[in-house]
Amino acid sequence: MDTAFAWALAVPGIIFLVVVAPLWVIFHYVTAWKRIRAGTAGPGRVAVDSAELERMRELCGELENRIESLETILDEEAPQWRER
């Protein structure tokens with residue numbers, strides 16, 4: 001392979017890796033952080049406000065209480081249910 005041809009391919013590659021790629025990554029994450037902060041996280045991302053998280057915690061506590069009640073009932077009516 002000719003040396004001039006190799007440099008013709010290497011120089012744009014080096015410029016891309018040194019200048020363009022880092023800027024691309026930085027701008028990507030800055031945009032992602034802005035979307036998350038604004039509440040428009042986009043597909044595959046989750047942006048939930050604190051009120052929604054508190055509601056979910058309360059719901060989780062209620063569901064845990066229901067499960068404990070069901071387990072108590074099952075323990076009384078069918079003591080061997082956990083071994084199945």
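In this text, all values refer to a predicted model and were calculated from it rather than measured experimentally. (Residues numbered from 1 in each chain as written. Predicted model: local features only at pLDDT ≥ 70, side-chain atom pairs only at ≥ 80, totals over all residues. Heavy atoms only, no water.)

A few points about the environment of Arg37
Here is step 1 of the chain: Along the polypeptide, Arg37 turns up in helix α1 (residues 3-38).
Here is step 2 of the chain: Residue Arg37 is classed as exposed on the basis of its relative accessible area of 70%.
Here is step 3 of the chain: Through-space distance from the C-alpha of Arg37 to that of Asp49 is 9.7 Å; in sequence the pair is 12 residues apart. (Helix = DSSP H or I, 4+ residues; strand = E, 2+ residues; numbered from the N terminus. Buried < 20%, exposed > 50% of the residue type's maximum accessible area, 1.4 Å probe, protein only.)

Some remarks on the packing of aromatic side chains
Here is step 1 of the chain: Going through the model one piece at a time under the given rule, you end up with 2 aromatic pairs.
Here is step 2 of the chain: With a centroid separation of 6.4 Å and an interplanar angle of 85°, the aromatic rings of Phe16 and Trp24 are classed as edge-to-face.
Here is step 3 of the chain: Residue classification places Trp24 among the exposed residues on the basis of a relative accessible area of 58%.
Here is step 4 of the chain: Plain terms: the ring middles of Tyr29 and Trp33 are 6.2 Å apart, the flat faces sit at 40° to each other, and that makes the pair tilted. (Phe/Tyr/Trp six-rings, centres within 6.5 Å; stacked < 30°, edge-to-face > 60°.)

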